Every structure is written in C-alpha cells, then in structure tokens.
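Next come the chains, spelled out residue by residue.
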Amino acid sequence: MRFMMLVKATDDSEAGVLPTREMLEEMNRYNEELIKAGVLLAADGLQSSSHGFRVTYDGRGGSTVTDGPFTETKELLAGYWLIDVSSREEALEWARKVPFGAGETLEVRRVFDPTDFPEATAEMVEAEQAWRDANQRPIGG
Amino acid sequence: MTAPDARTATDRTVAAVWRMESARITGALTRLVHDFGTAEELAQDALLAALEQWPVTGVPDRPGAWLMATARNRAVDLIRRERRYSDRLAELGRRLDTEPPPQPEDLVLDAEPIEDDVLRLVFTACHPVLSAEARAALTLRVVGGLRTEEIARAFLTAETTVAQRIVRAKKTLARAAVGYEVPEGPELAGRLASVLEVLYLIFNEGYAATAGDDWMRPALCEEAMRLGRVLAGLMPAEAEVHGLVALMELQASRTPARTGPDGAAVLLPDQDRSRWDRMLIHRGFTALERARTADPPGPYTLQAEIAACHARAATAEATDWVRIAALYAALAQRAPSPVVELNRAVAVSMAFGPAAGLDLADRLAALPALREYHLLPVVRGDLLARLGRHPEAAAEFGRAAAMTRNTREREVLLGRAEAERARG
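Every value quoted in this text rests on a predicted model; they were computed, and no experiment measured them.

A. A look at a nonpolar patch on the surface. Residue and element names in this part refer to chain A. There is a patch of nonpolar side chains on the surface, built from F53, V55, Y57 and V65 and spanning about 450 Å² of accessible area. The biggest single contributor to the nonpolar patch is strand β3 (residues 53-57), with three residues. Following the sequence through the fold, F53 ends up in strand β3.

The following block contains the structure:
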C-alpha cells in the first residue's frame, strides 16, 4: 500500500532558508535507507509558496489566480515522500525515523489505488491515464 | 492463525519494525557469531523480547536500535558462555579447537550493521545447496522478516511444513559449511541466478493468486518487488537484477485489470488497459533502461522487454508482435524451454499469421516434455480454428479438455470443441 508523507512548511522553508550541510547529509542518509529497504517510490522538495500561485474556480468555467506567498504557513507544504509499504504501522515507523528538528510536522496519507474508484467510468480513468502519461516522469529518469 | 486486524496495535508495530530491520539485524549477527542458524535464532529471541516488553514499556523511540542492541547482547552472552565452556575444556587439557574463540569486547565494537550484511544474508539464504522452496521460505523469513505462519499462508502450506523446511535448510547450510559471503568472480553469475530465481518464484506464487485467495498471497508480489529493489540498490552494476525488477514491476502493473468485477480472471488481450498501474509501468521502464547495459541481454531482461511491448501498446491490436516474436526467439536461444517455444509460436502466429505459428507448434507436439501440457493442444486448436480447419481444431480442444485439472477451464474448452464441431 502506498502512503504519501507530506512535509508541512515552516517559517524557514517559506523564507527560502536552505537546509544546512548537516541537515542535508542526515536527510540523504534517511533517503538512502528508504531506497535500500526498497520502499521509496518518489520524493521531492517544494520551493516556498512565493514561487507558486493559487487558482480558485467559480464553477461556471471561470477562475481567479492569486500569486504567492501565502500566509497560513501551517497549511502549506514543503515536500513529500511517496512510499510503498506493507502496513499502516510500517508507514508510521518510517515517518518516525525522518530526521526532522523541533516543530517540524509530517502528515501521512494513504494513496488511493486505481481500484478504489468503482464509480469512475472507463473513459474517466482513461483520460486521467492519458494525463499521467503525458505529465509524470519515472523516478530518477 | 489470527487475521492482521485481530492482533494488538503493539504486535502490529513489532511486526512492521521487524520487517524493516530483521535483515540488517540477522546479517550483523551472522557476522558476529559466524553461524547463520544461531544468528537467526538470536534474532528471533530479540523479536520475542520486543513482543513481551513493548506492550508494557511502550515502543522505544528508536525501535530498530533497541532490537539490534538486544540481539547483540544475546550474541555476546552466548559467546561468553561458549568461551567459558571452551576455557574449562582447555584447562582440562582436552581442547580440540586450536583457533582462539572470538572476544566479545572486539565484537561489540563491530556490531553496527554494515553494507554487505544484507547482501551476504541474501546469498546465504538463496544458496544453491537448498531446494527452491527452502530458499524461498528462508529468504522470506530472514530477509523479508515474515513470520512462519505468514509464509505458510502465502504458499498454501501447513505452518509445520514451513517450519521444518526452515530448520532443515539451516542444518543443510551448516553441514555444507556454506561461507557467509558475497560470491566473487566466476562463481557470482551462478549464485546470482539462484537468488533471482527465488525472487521470481516468490513473485509468481503471489501473481498466480486469484481474487478469492488469502490476502497474504498477493502480498508476496509486493515483497518480491521490494526484495528486488533492495538487491538492485545493493548490486547496481548487475544488469539482470534490474531486468528482474523491470519484469516484476511491468507484470504487476496489470494486477488491477487481471480480475473482472465478478472475480473471474481477465486475459491479457481482454484487459481494460486504463486500469494498468502507470507508476509501476514507468518504474519498470526505468529499471529496464538500467538492465539494457548487458550484451547480450539475460533471460529476465528479455522477458521484461516482452512485458514492456505489452505495456507500450495502448490497445491489444497495437501490440508489436513482430518484436515480441523476435524477443521470444532470443529468449529461446538464451534459456531454451518448450514453454518458451510455445509462447514463441503464439507470438509468431500473431505477427506472421496462424500457418507460421502452427508450423512451430507442430514441431513441439513431438516433445515428451509437453505431452502432459494442456496449453499445447489449446494453442494448436486456436491456430487450426483460425486456419478454418474446424474438425481438427475440435479434436485439439477435446484433447486439451481431457488434460486440464481445472473444472472451469475444462467447461470452456469443451464449449470451444463443440463450437468448432458445429462449424466444421
């Protein structure tokens, strides 16, 4: 089963403060461990919200764009890991191992399987696949 | 025994941590005590200690380190006891062993897991002195961290059978004085083949499972893929490891489409390809790219190339059968087998027409190895029907129906025989 471990933004990540060399080395060791255990599917860090934007929809085909930065830091994301493990408990143990400092938060969510949507029609699924094919790149390639 | 949800939360946590840590712990212990069987027992002792203590004390902050420290302490105790015993023997002047026993003080310093531990463990558990079943059970237990009960359920075997298999395997390894090492030089290829064979056996055992089967069986596919990724991380230069990973990921990508809403099996040409798992397909392609460094490609890489042809085809009609036929020809040369030849005959018929395929299939009919293999008359019946030779096709389907042990399949084949008779 797949879980996404979502890294919550902090004041530092929003201010664009880059991690120290030690932090990077620790994080590399953790990622290494995930790879060596055969559970890592994907991982990325996100730039601060000042590099992003939000789109809200009015439901009539229109939309409004708001440029970042956004102020509610606790609701923002700074990165993610996608892992494939055998149980919720295993996801929890991997999450506990993340070398984060005081105040940092990780939110872990189970990823839907393709078979979790009995309501979706074949065409809907197909359209989504076409999008995925066009946009998702394999890990490390 | 118990279903996963019937176990307590702490038990589930212990099981999860164990799956994450057991290979490194057993690997480090084997290096300490120089005996695989003893190391495995010490590791199991540490697991039992966690099952006893964690419900009372709570799960420690660093559960992996706790397990490692507990296991290491037991190893040191054991070595001390043995040393005291051998010291006494020496005093009595009856000492037979000339080699000085290991000093626990040195060993403690050396107890942190090292890179090679897991790899050595894999090669020991998959040693060719063991039968394929024994290798699979031992690998799942010591490298995968599965419980005997889980392995038994996955292989539809009695728990006692698996337990005995593991005990016998450990004895065989000890008797054969199998060195705890990663083989090098000319020995490596054969030993690696033995490892890959076990991973693929585990994968196929899970892949063969159907919707109604125990949840533990499909979990075998995931475990085999995980072990494959572990091996690929440890031996990145071995092309066939990437080939096997690619093969497993590409095959597993079809899992969501392999059973219909009623639970019945859906064959490849009839599968809803939009249900294939795109992430596994992408990962399979990436692994295949890494596997292509070997020339000529090995059998797993060739099979992965065939699976990739199917993954690339948006519809069954778009399948590149010419390429698949060529890949089967290469595979037949690299790893000759009548089953590969039969698959090649099917691919050739799809690429160049039923007459060309029938030529190949007819040559196989004489082989004793395929005398009991019901898929040969199925394939011949199919090709004869496509050539309009209906009475002969009916006879082949009838023969196939008499050979299969699967009731549902027999009904389907008898139905096809009847239909061909009606057309002839």
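B. Seen up close, the pattern of salt bridges. On inspection of all chains with the given rule, the structure shows 38 salt bridges over all chains. Between B:R147 and B:E149 there is a salt bridge; the shortest N-O distance is 2.8 Å. Assessed through its relative accessible area of 27%, B:R147 is described here as partly exposed. For the salt bridge of B:E341 with B:R344, the shortest nitrogen-to-oxygen distance reads 3.1 Å. Here B:E341 pairs with B:R344, and both are found in helix α15 (residues 338-352), just three residues apart, close to one helical turn. For B:E341, a relative accessible area of 22% gives the class partly exposed. Sharing partners across several salt bridges, the network here consists of A:E33, A:K97, B:E21 and B:R24.

C. How the structure looks around the UniProt feature "domain: YCII-related" (unreviewed entry) in chain A. Mapped onto this numbering, the UniProt entry gives "domain: YCII-related" (unreviewed entry) at residues 1-113 of chain A. End C-alpha to end C-alpha, residues 1-113 of chain A measures 8 Å, and it is 27% helix and 32% strand.

D. Structural context of the UniProt feature "domain: RNA polymerase sigma-70 region" (unreviewed entry) in chain B. UniProt records the feature "domain: RNA polymerase sigma-70 region" (unreviewed entry) at residues 24-84 of chain B, using the numbering of this structure. In residues 24-84 of chain B, the share of helix is 89% and the share of strand is 0%. The end C-alpha atoms are 28 Å apart.

E. View of the confidence of the model for chain A. Per-residue confidence for chain A gives a mean pLDDT of 83, with 80% of residues at or over 70. Every residue in residues 134-141 of chain A scores below 50 in pLDDT, and together they form 10 contacts with partners more than four places removed in sequence or on other chains.

F. Geometry of the domain arrangement of chain B. Domain boundaries assigned for chain B yield domain 1 (1-95) and domain 2 (335-424). One C-alpha centre belongs to domain 1 of chain B, the other to domain 2 of chain B, and the line joining them spans 55 Å.

G. Inspection of the sheet that holds strand β6 (residues 106-110) of chain A at higher detail. The strand order across the open sheet built from four strands is β2-β5-β1-β6 (chain A), with neighbouring strands paired in antiparallel fashion. Lying at the two open borders of the sheet, with one neighbouring strand each, are β2 (40-45) and β6 of chain A. The mean inter-strand angle of the sheet, taken between neighbouring strand axes irrespective of direction, is 15°. As judged from the seven bridges shared by strand β1 (residues 2-8) of chain A and strand β5 (residues 77-84) of chain A, these two strands associate in the antiparallel manner. Bridged to A:L6 within β5(A) is A:Y80. Together, β1, β5 and β6 of chain A form the strand contacts of helix α3 (residues 88-97) of chain A, whose direction differs from that of β1(A) by roughly 30°. The strands touched by helix α12 (residues 278-291) of chain B are β1, β2 and β5 of chain A; relative to β2(A), the strand with the most contacts, the crossing angle is about 95°.

H. Just a positive patch on the surface, in detail. On the surface, B:R80, B:R81, B:R84 and B:R88 cluster together into a positively charged patch. Residue position: B:R81 is located in helix α3 (residues 63-91).

I. Representation of the nonpolar core in the model. Counting 69 residues, the largest nonpolar core has B:F123, B:L138, B:F203, B:L231, B:M235 and B:L244 as the members making the most contacts within it. Other than its neighbours up to four places away in sequence, B:F123 contacts B:E181, B:V182, B:P183, B:L188, B:R191, B:L192, B:V195 and B:M235.

J. Helix α2 (residues 21-36) of chain A, seen in detail. Taking 1.5 Å as the rise per residue, α2(A) with 16 residues should run 22 Å; its terminal C-alpha atoms sit 22 Å apart, in good agreement. Remark: A:G38 follows α2(A) within two positions and exhibits a positive phi of approximately 75°.

K. Quick peek at the pairing of β3(A). Residues and elements named next belong to chain A. Looking at chain direction, β3 and strand β4 (residues 63-67) are connected through five bridges and run antiparallel. When the sheet's bridge partners are listed, F53 is paired in β4 with D67. In this structure, the hairpin formed by β3 and β4 is closed by a connection of five residues, where G59 is found at a positive phi of approximately 80°.

L. Fine view of the confidence of the model for chain B. Residue and element names in this part refer to chain B. Residues with a pLDDT of 70 or more make up 90% of chain B, whose mean pLDDT is 87. Segment residues 1-6 is flagged for pLDDT under 50; beyond a separation of four residues in sequence, or across chains, it makes eight contacts in the model. In the model, residues 104-110 has pLDDT below 50 throughout and makes 11 contacts with residues more than four positions away in sequence or in other chains. Reported confidence for the predicted complex is 0.70 by ipTM and 0.81 by pTM.

Definitions and cut-offs
- Residues numbered from 1 in each chain as written.
- Chains lettered and ligands numbered in written order.
- Predicted model: local features only at pLDDT ≥ 70, side-chain atom pairs only at ≥ 80, totals over all residues.
- Heavy atoms only, no water.
- Patch = residues over 30% accessible without salt bridge, like charges linked within 9 Å, V, L, I, M, F, W, Y side chains within 5 Å.
- Areas by Shrake-Rupley, 256 points an atom, 1.4 Å probe, with all protein chains shown as cover.
- Salt bridge = Lys/Arg side-chain N within 4 Å of Asp/Glu carboxyl O.
- Helix = DSSP H or I, 4+ residues; strand = E, 2+ residues; numbered from the N terminus.
- Buried < 20%, exposed > 50% of the residue type's maximum accessible area, 1.4 Å probe, protein only.
- UniProt positions renumbered as here; feature names shortened; annotations may be inferred.
- pLDDT = per-residue confidence, 0-100.
- Contact = heavy atoms within 4.5 Å.
- Domains from an automatic or database assignment.
- Pairing = 2+ DSSP bridges.
- Axes fitted to C-alpha atoms, helices over the stretch in contact; angles between N-to-C directions.
- Lys, Arg positive; Asp, Glu negative; His and termini not counted.
- Charge placed at Lys NZ, Arg CZ, Asp CG, Glu CD.
- Core = buried A, V, L, I, M, F, W, Y, C linked by side-chain atoms within 4.5 Å.
- Expected span 1.5 Å × (residues − 1).

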